[in-house]
Amino acid sequence: MSTIKALAIASEMFPFVKTGGLADVVGALPQALANEGVETVTLIPGYPSVVHAHDTAAQVHTFNNLFGGPARLLGTRGAGTAVLVLDAPHLYGRPGNPYLGPDGKDWPDNAQRFAALAWVAAQIADGAVSGHAPDLLHAHDWQAGLAPAFVRFSGSRRIGTVVTVHNLAFQGVFPRTLLQPLGLPPEAFTLDGVEYYGMIGFLKAGLALADRITTVSPTYAAEIRTPEGGMGLDGLLRARAHALHGILNGIDEAVWNPATDPMIAMRYSDALLPHRAANKSIVQERFGLVASPTTLLFGIIGRLTTQKGPDLVLDALEALLGLGAQLAVLGSGDSDLERRFAAAAARHAGRVGCVIGYDEGLAHQMQAGIDALLVPSRFEPGGLTQLCALRYGALPVVARVGGLADTLIDANEAALAAGTGTGIQFTPPSSEMLQIALERTAQLWRQPALWRRLQHNAMRCDVSWRRPAAHYAALYRELLAERAA
Ligand code: ADP
């Protein structure tokens, strides 16, 4: 089997820069693909943290004027970790969140910043950077969405293109007046090009022009073809259904492994489940909760936005407390939701605790110590936190949407009779249904032997990148074979 050379393009990559699951996927997938005969080089913007992490990397190319300033490509090589950093200080030399300025609003030149990334990707695809001649280009999310457009409209070498949607809610839509400034020709502004309701749609361009579209779960791939889930793009996605695939995410088993995790207080494995108790007491202490091994401890880890449904938990909070349970919340996002959780923690001190912010280490400690992870998302393309929870023996309690529908087995009567079940699902995502799911969870909690069996089931799930990487590799090979025919 010949080796495939892939160029991945993304705005985030763990461990260099991360605001969400996109970074985890972009960071871990190349290593898994290496075992499938795919060599990936990942092109990422040179934010200060990224340039800092590559200060010894070689300069492999320069651009005299990239959207208003000089730029260069820094390159590192390694099995599954080869990176090209686009160091363009006028575009990316800004600390903090990759997308937002100090006022919390999008940078006004985000169109230029990410068009530049996509344009450079197309240049590499075209063979302009020596030592790099990829067989295909794999663009992640709207920030890389224009890459297939540049390949189509300005490249001379039409290589295969794949676009992965990690979240259809973020589309990168900009005024049409930017067409020329972004380096797009007038003929790109059509219904099957970059035009989107009279504007320029970065993600839309990728969805219209890429040879293959993937999203991060089979259920989400189906949902986004409906008016309810399509966020304005369902018509296009229906039209391109033959090119659309749902491939589940995995997690990096080296980073998320309770037996070796340096970020948790007490390491444990499937066979040493009682060791979780020490982690639970640390979490209870950290969140100001009453120390009690027998109290059911729910946790939330994630962005506090409407998508994730944290308001449903706030609405069901009295019911949760009525069950005698505790709640620990780690997250940041909408200021109103942050305030409401802080107020709930103050009102129910000892039973509800919250940490507003982003804390990778605490997220690990929570997965190791909470009993159940709440993910009541209104929509969820893939979701990673529930995969981490499975691996750490925290039972996920999730809305049955998107990737949450595809990654766990509801512990209903049939599942229990068959000896399976890895979590609890509810539908639709409402506080009433969440409340019933909380009650079901409490019932299971009152049966320790059964709870332990479910934990074992969860911890034995294969949440690695092995199967997903094989799917991506098969998709790449099929695409290349089709283009060679
Ligand atoms: P999304 O990408 O929609 O935010 P995912 O579940 O796919 O959601 O991925 C979220 C990732 O970010 C997970 O690795 C999760 O542990 C991490 N994460 C989210 N919020 C926080 C936080 N406040 N502190 C630490 N890690 C967080």
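Residues numbered from 1 in each chain as written. Predicted model: local features only at pLDDT ≥ 70, side-chain atom pairs only at ≥ 80, totals over all residues. Heavy atoms only, no water.

(A) Geometry of the nonpolar core. Among the nonpolar cores identified, the biggest contains 77 residues, and Ile9, Leu43, Leu86, Leu146, Leu184, Val194 and Phe202 are the most heavily contacted of them. Among the elements that make up this core, the one with the highest residue count is helix H4 (residues 110–125) (eleven residues). (Core = buried A, V, L, I, M, F, W, Y, C linked by side-chain atoms within 4.5 Å. Buried < 20%, exposed > 50% of the residue type's maximum accessible area, 1.4 Å probe, protein only. Helix = DSSP H or I, 4+ residues; strand = E, 2+ residues; numbered from the N terminus.)

(B) Spatial organisation of the site of the ligand. As a matter of local geometry, the ligand sits amid 17 residues, with Gly21, Asp24, Arg303, Lys308 and Gly357 nearest to it. A distance of 2.7 Å separates an oxygen atom of the ligand from a polar atom in the side chain of arginine 303. In the model, a nitrogen atom of the ligand is placed 2.8 Å from a nitrogen or oxygen of the glycine 357 main chain. Bound to the protein, the ligand loses 92% of the 560 Å² it would expose on its own. (Near = heavy atom within 4 Å. Polar contact = N/O pair within 3.5 Å; in protein donor to acceptor, adjacent residues only side chain to side chain. Areas by Shrake-Rupley, 256 points an atom, 1.4 Å probe, with all protein chains shown as cover.)

(C) Broad picture of the state of the cysteines. Throughout the structure, instances matching the rule amount to zero disulfides. Here cysteine 461 is not disulfide-linked; the sulfur of cysteine 388 is the nearest cysteine sulfur, at 13 Å. The class of cysteine 461 is partly exposed, set by a relative accessible area of 25%. (Disulfide = S-S within 2.5 Å.)

(D) Focus on helix H9 (residues 276–286). Looking only at H9, the buried set comprises Arg276, Asn279, Lys280, Val283 and Gln284. Around the axis of H9, the buried residues are gathered within 140 degrees of arc, so they sit on the same side. (Arc of directions from axis to C-beta.)

(E) Looking closely at the domain arrangement of the protein chain. Looking at the protein chain, the domain boundaries give domain 1 (4–250 + 466–484) and domain 2 (270–459). For the domain 1 and domain 2 pair, buried surface summed over both sides reaches about 1200 Å², with 61% attributable to carbon and sulfur atoms. Across the domain 1-domain 2 interface, the total number found is one salt bridge. Its salt-bridge partner being lysine 18, residue glutamate 360 comes within 3.4 Å of it at the nearest N-O pair. Elements supplying a minimum of two residues to the side of domain 1 that touches domain 2: helix H1 (21–34) and helix H7 (218–223). The biggest single contributor to the side of domain 1 that touches domain 2 is H7, with four residues. Residue classes in the side of domain 1 that touches domain 2 are distributed as eight nonpolar, eight polar and three charged. (Domains from an automatic or database assignment. Buried area = accessible area lost by both parts, 1.4 Å probe. Salt bridge = Lys/Arg side-chain N within 4 Å of Asp/Glu carboxyl O. Nonpolar A, V, L, I, M, F, W, Y, C, P; charged D, E, K, R; others polar.)

(F) Local environment of the sheet that holds strand S10 (residues 199–201). Strand order across the open sheet formed by three strands is S8-S10-S9, with antiparallel pairing between neighbours. In the strand order of this sheet, the two ends are held by strand S8 (173–174) and strand S9 (195–196), each with one partner. As paired strands, S9 and S10 are joined by two bridges and run antiparallel to one another. Counted as the bridge partner of tyrosine 196 is methionine 199 from S10. Sheet contacts for helix H6 (residues 202–209): S8, S9 and S10; angle to S10, the most-contacted strand, approximately 60 degrees. (Pairing = 2+ DSSP bridges. Contact = heavy atoms within 4.5 Å. Axes fitted to C-alpha atoms, helices over the stretch in contact; angles between N-to-C directions.)

(G) Up close: the packing of H9 against helix H13 (residues 360–369). Packing of H9 against H13 brings their axes to within 7 Å, and their N-to-C directions diverge by 125 degrees. Relative to H13, the element H9 is oriented oblique. Our pair here, H9 against H13, has a crossing hand that is left-handed. Together, Arg276, Asn279, Lys280, Ile282, Val283 and Arg286 of H9 and Leu362, Gln365, Met366, Gln367, Ala368 and Gly369 of H13 make up the contact between the two elements. For the contact of H9 with H13, the class distribution of residues is five nonpolar, four polar and three charged. (Parallel < 35°, antiparallel > 145°, perpendicular 65-115°, else oblique. Left-handed = near helix turned anticlockwise from the far one by under 90°.)

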